[in-house]
Amino acid sequence: MKKITKAVIPAAGLGTRMLPISRTVPKEILPIVDRPSMEYLVREAVASGITDILIITGRNKEAIENYFDYSIEYKDVLAHKNKQAELDDMEEVCKLANIYFLRQKEAKGLGHAVLCAEKFIGDEPFAVLYGDDVMVADKPVTKQLCEVYEKYDKAVVGVCEVPCEDLKKYCSMKAEKIEDRTYMTTDMVEKPQTREEMFSNLSILGRVVLTPDIFDILKRTAPGRGGELQLTDAMKQLARTVGVISYEYEGKRYDMGSKLGFLQANVEEALKHPELKDSFRAYLKDIAAKL
Ligand code: UTP
């Protein structure tokens, strides 16, 4: 079986939930304390055995590409100021993986963004890390999914239990438990609006490992909700024909495409940050006491 060494990170969406900032700053580069969320994603991929990453970008997303390039100005200044640790950190980021960029010329949906990666992927299984979902986990979530792929030789979707009210925004999996955290999935429904339509509380959130047959399915899939080509519609087809595995991953997910998720990620990571954790904790306690 082929080992998974390639990943796609779609990051071309318009980010309307993060307006007005997303008009000029891509939501995928918004900081968690002092690092862009995209760095978290690239590090997760690398820690999962991925060597080649394609980031799908679009207009106004140049900041993402710039972040993974050398900054000659900073290099000179930091060297001059003897700031070796900062210099090493900056250079390490640029060398994390082979990172490629491709523009999705129109934001025609997550499915369309993944389809843009067809030539890059070729005939291999690959991971998709949704560009605005940051995961913090002991074992990288992508690695968890790659291991399940290697065991079952089937596409794997990362799922979480979601309360019924929220399932209406996501999808619901028809899932039969086959092992701890692992479910054989033969169908799914996108944005179920009633309890009757819902198969289960399990919904796909943020990470999937796909087989290359998804590209032909995507090409045959009609645009769905909002006129966009939905990846979920293609994955549903894969589930119905050959089955996919749903895996309830371990880890904390932050939706950086939402204002609340962005704030949660910053507060929780600041509480772990070596420079900030003590002063920030004291500050939070102080303001919490006044709430
Ligand atoms: P989202 O649906 O969360 O992104 O897609 P969005 O469309 O930007 O969100 P809102 O609702 O307008 O706020 C998940 C990921 O897929 C990327 C997004 O950039 C995000 O990281 N995406 C989405 C694309 O690359 N292309 C698209 O056409 C749509």
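Residues numbered from 1 in each chain as written. Predicted model: local features only at pLDDT ≥ 70, side-chain atom pairs only at ≥ 80, totals over all residues. Heavy atoms only, no water.

Draft legend 1. Structural view of the overall build of the protein. Within the protein one finds twelve helices and 13 strands. Its C-alpha radius of gyration of 20 Å places the protein within 12% of the 19 Å reference for a compact globule of 291 residues. When its C-alpha atoms are laid out on the principal axes, the protein stretches across 60 × 50 × 35 Å. A buried classification covers 48% of the 291 residues belonging to the protein. Long-range pairs, those at least 24 residues apart, make up 76% of the contacts in the protein with a sequence separation of at least 6. A total accessible area of about 14,900 Å² is found for the protein, and carbon and sulfur atoms account for 52% of it. Separation between the mean location of the 43 positive side-chain charges and that of the 47 negative ones in the protein comes to 3 Å. (Helix = DSSP H or I, 4+ residues; strand = E, 2+ residues; numbered from the N terminus. Rg over C-alpha atoms; globule rule 2.2 N^0.38 Å. Buried < 20%, exposed > 50% of the residue type's maximum accessible area, 1.4 Å probe, protein only. Contact = heavy atoms within 4.5 Å. Areas by Shrake-Rupley, 256 points an atom, 1.4 Å probe, with all protein chains shown as cover. Lys, Arg positive; Asp, Glu negative; His and termini not counted. Charge placed at Lys NZ, Arg CZ, Asp CG, Glu CD.)

Draft legend 2. Spotlight on the site of the ligand. Around the ligand sit 18 residues, and of these G13, T16, E28, Q104 and G109 come closest. A distance of 2.6 Å is found between an oxygen atom of the ligand and a side-chain nitrogen or oxygen belonging to T16. A distance of 2.7 Å separates an oxygen atom of the ligand from a polar backbone atom of G109. Look at the ligand: alone it shows 570 Å² of surface, and the protein chains cover 84% of it. (Near = heavy atom within 4 Å. Polar contact = N/O pair within 3.5 Å; in protein donor to acceptor, adjacent residues only side chain to side chain.)

Draft legend 3. Main features of the pairing of strand β8 (residues 156-161). Taken across its six residues, β8 has five buried, putting it largely inside the fold. By the bridge criterion, five bridges tie β8 to strand β11 (residues 202-210) in an arrangement that is antiparallel. Considered in β11, the bridge of V157 is made with V208. With four bridges connecting them, β8 and strand β12 (residues 244-248) associate as parallel partners. Directly across from V156, in β12, lies its bridge partner I245. (Pairing = 2+ DSSP bridges.)

Draft legend 4. Highlighting the packing of aromatic side chains. Inspection of the entire model under this criterion finds four aromatic pairs. Measuring from ring centre to ring centre gives 5.4 Å for F126 and F215, while their planes differ by 5°; the resulting arrangement is stacked. Of this pair, F126 sits in strand β6 (residues 126-129) while F215 sits in helix α9 (residues 213-220), placing them 89 residues apart in sequence. Residue F126 is classed as buried on the basis of its relative accessible area, which comes to 0%. Residue F215 is classed as buried on the basis of its relative accessible area of 2%. Note that K6 overlies the ring of F120, its terminal NZ or CZ placed 5.3 Å from the centroid. (Phe/Tyr/Trp six-rings, centres within 6.5 Å; stacked < 30°, edge-to-face > 60°. Lys NZ or Arg CZ within 6 Å of the ring centre and 35° of its normal.)

Draft legend 5. Structural detail: the packing of helix α3 (residues 72-80) against helix α4 (residues 84-94). Contact geometry for α3 and α4: axes closest at 9 Å, N-to-C directions at 155°. Considered as vectors, α3 and α4 are oriented roughly antiparallel to each other. Like other packed secondary-structure pairs, α3 and α4 cross with a definite hand, here left-handed. Facing Y74, K75, L78 and A79 of α3, the residues of α4 in contact are E86, L87, M90 and E91. In terms of residue class, the contact of α3 with α4 is built from five nonpolar, no polar and three charged. (Axes fitted to C-alpha atoms, helices over the stretch in contact; angles between N-to-C directions. Parallel < 35°, antiparallel > 145°, perpendicular 65-115°, else oblique. Left-handed = near helix turned anticlockwise from the far one by under 90°. Nonpolar A, V, L, I, M, F, W, Y, C, P; charged D, E, K, R; others polar.)

Draft legend 6. How the structure looks around the sheet that holds β12. If you walk across this open sheet you meet the nine strands as β5-β4-β1-β6-β11-β8-β12-β10-β9, and the pairing is mixed. Looking at which strands have only one partner, the edges of the open sheet turn out to be β5 (98-103) and β9 (171-179). On average, each strand axis in the sheet is inclined to that of its neighbour by 35°, with strand direction left out of account. Direction of pairing for β6 relative to β11: antiparallel, over a ladder of four bridges. Residue pairing for β11: F126 is matched across the bridge by L210.

Draft legend 7. Structural detail: the environment of P163. Residue position: P163 is located in the loop between β8 and α8 (164-167). A C-alpha to C-alpha distance of 11 Å links P163 and M198, two positions 35 residues apart in sequence.

Draft legend 8. Inspection of the side chain of T182 at higher detail. Secondary-structure assignment places T182 in strand β10 (residues 182-190). Reaching out from T182, the side chain makes a polar contact with the backbone oxygen of D180 at a distance of 2.8 Å. If we ignore the near neighbours within four places in the chain, the residues touching T182 are V148, Y152, E176, K177, I245, S246 and Y247.

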